[in-house]
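Here's the letter readout for the chains.
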Amino acid sequence: MTNPKTIALESLYSDRFIVRKRELTKTNLRHWRNIPLFSVVEISVVAACNRRCSFCPVSDSYYKELSLKGVMKKSLYDKLLDDLCSINYSGMILFSGESEPLLHKRLHEWIETTKKRLPDSTIEVNTNGDLLTLDSLTKLFKSGLDAISISMYDGPHQIASFETLRKKAMLSTSQVLLRRRYLDGGNLGMVMSNRGGLIDIEEFQQSAEIDAEFPLKKNCYYPFYYLVLDVSGNITMCSHDWGKKYVCGNILQSDIFSIWTNERMTEARQKLSSCNRNLSSCENCNAEGELIGKQHFSAWLSIEKRVPKGTKADT
């Protein structure tokens, strides 16, 4: 019999984007050289955001403290595409990260290039919608975008505004996903992550049964199916590690498959598969890490031998 507390917790994580990402991940478990591949690559194409939300680490000093600045160089993004093509990547490419992706003036061009080089990939954008116009929305989808998730922070009046925009662009509700992020009923539409311990989210925390003592004694599936790339080429294993406390490599210094199978990633998987969150990025993190990626987690556990550090993808 299913535990009622589990059902209650699951309902708090019923955000449509999470449900969508879970299904896409579940059907996109692929292997390269007998190694389960990641199914989501999340990318920050700019080191900037036009908002300063109280539940987000972004501030005037955030990017400076992490030495993140400007716009991702096209050569760096091309290197990423080269690496993904070399392993026949077919998962999700998510423009999001610690930024507002629509600040990138050539995002539609990058999406078009990506779709041409990786036609089987699913390309999505997470945005606050502030910069979205009918022209930009139409251009993004004509370039090859599969879906855009709009986080609404200001109130329910935004629903009608974005719905009107969607209809004018002749797009479906599965292409334009609206996410409530304004306070209603004491919550923001989902259980908030504390971004690896960077922010105090007590004000926004729902009454879910979540361990209060850190580090949490829970598994986490993120390093089994997820990679995050910032504007400098650094790769982390999780979208909650905004502090870059556990950098696993840089694609300007190594290929993405070698990073995916290196010692840093292996250590993280070994610990997080044993309910051990004693990692610099995880010890104060409250993220529920078992919502997505169970198939990848199981696939990794079935491997008896880990890939040696520095192993490169076949060409």
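Note: the structure precedes this text.
Residues numbered from 1 in each chain as written. Predicted model: local features only at pLDDT ≥ 70, side-chain atom pairs only at ≥ 80, totals over all residues. Heavy atoms only, no water.

Here we look at the pairing of strand S8 (residues 226–229)
Heads up, the rule is: Each residue gets one of three labels from its accessible area relative to the maximum for its type: buried under 20%, exposed over 50%, partly exposed in between, using a 1.4 Å probe on protein chains only. Each helix is a run of DSSP H or I of at least 4 residues and each strand a run of E of at least 2, with the numbering of both proceeding from the N terminus. By the convention used here, strands pair only if DSSP detects at least 2 bridges between them.
Taking every second residue as pointing to the same face, both faces of S8 are buried, with Tyr 226 and Val 228 on one and Leu 227 and Leu 229 on the other. In terms of strand pairing, strand S3 (residues 40–43) meets S8 through four bridges, oriented parallel. Bridged to Ile 43 within S8 is Leu 229. Looking at chain direction, S8 and strand S9 (residues 234–236) are connected through two bridges and run antiparallel. Bridge assignment links Val 228 to a residue of S9, and that residue is Thr 236. Here S8 folds back onto S9 in antiparallel fashion, the turn holding four residues, of which Gly 233 has a positive phi close to 95°.

As for unusual backbone geometry
Of the consecutive residues Phe 214 and Pro 215, the connecting peptide bond is found in the cis state with omega at -5°. Topologically, Pro 215 is positioned in the loop between strand S7 (176–180) and helix H8 (222–225). Unusually for a residue other than glycine, Arg 33 sits at a positive phi of about 55°. Classification of Arg 33 by relative accessible area gives partly exposed; the value is 39%. Despite not being glycine, Met 170 has its phi angle at roughly 55°, a positive value.

Considering the nonpolar core
The line we're drawing: Residues belong to one nonpolar core when they are buried, are Ala, Val, Leu, Ile, Met, Phe, Trp, Tyr or Cys, and are joined through side-chain atoms within 4.5 Å. Note on contacts: a residue pair qualifies if any of its non-hydrogen atoms lie within 4.5 Å across the two residues.
Counting 89 residues, the largest nonpolar core has Phe 38, Ile 43, Phe 95, Ile 148 and Met 237 as the members making the most contacts within it. No other element matches the five residues that helix H4 (residues 74–86) contributes to this core. Ile 43 has contacts with Met 72, Tyr 77, Leu 80, Ile 93, Leu 94, Phe 95, Ser 96, Gly 97 and Leu 229, leaving out every residue within four places of it along the chain.

Quick look at the sheet that holds strand S5 (residues 122–127)
Either a parallel or an antiparallel arrangement is found when strands of a sheet pair, and the pairing is made through backbone hydrogen bonds. Inclusion rule: Here an angle of 0 to 180 degrees is reported between the N-to-C directions of two axes, which are lines fitted to C-alpha atoms, with helices fitted over the stretch in contact.
Strand order across the open sheet formed by eight strands is S7-S6-S5-S4-S3-S8-S9-S10, with mixed pairing between neighbours. Edge positions in the sheet fall to S7 and strand S10 (247–250), since each has one partner strand and no second. Each strand axis lies, on average, 25° off the axis of its neighbour in the sheet, ignoring direction. Across four bridges, S5 lies against strand S6 (residues 147–152) in parallel orientation.

Quick look at the packing of aromatic side chains
Heads up, the condition is: Note on ring pairs: Phe, Tyr and Trp rings are taken, using the six-membered ring of Trp, and paired if centres are within 6.5 Å. Classes follow the plane angle, with under 30 degrees stacked, over 60 edge-to-face and the rest tilted. The criterion for a charge sitting over a ring is simple: Lys NZ or Arg CZ within 6 Å of the ring centre, and within 35 degrees of the ring normal.
Evaluated as defined, the whole model comprises 13 aromatic pairs. Arranged with centres 6.0 Å apart and planes meeting at 50°, the rings of Tyr 62 and Trp 242 form a pair that is tilted. Highlighted residues: Tyr 62 in helix H3 (residues 62–65) and Trp 242 in the loop between S9 and S10, separated in sequence by 180 residues. Its relative accessible area of 6% is what places Tyr 62 among the buried residues. An aromatic cluster is built from Phe 38, Tyr 89, Trp 260 and Trp 300, whose rings are joined through pairwise contacts. Above the face of the Tyr 246 ring, Arg 264 is positioned so that its terminal group lies 3.8 Å from the ring centre.

So, H4
Here is the rule: One fewer than the residue count of a helix, multiplied by 1.5 Å, yields its expected span. By arc we mean the arc of the directions from the helix axis to the C-beta atoms, nothing more.
Over its 13 residues, H4 runs 18 Å from end to end, which matches the ideal 18 Å to within 8%, given 1.5 Å per residue. Considered for burial, the residues of H4 that qualify are Leu 76, Tyr 77, Leu 80, Leu 81, Asp 83 and Leu 84. The buried residues of H4 occupy an angular sector of 160° when projected down its axis, which confines them to one face. On its buried face, H4 is in contact with S3, strand S4 (92–95), helix H5 (107–117), S8 and helix H9 (256–260). Asn 88 lies just past H4 and shows a positive phi near 55°.

Distances and angles like these do not, on their own, reveal function.
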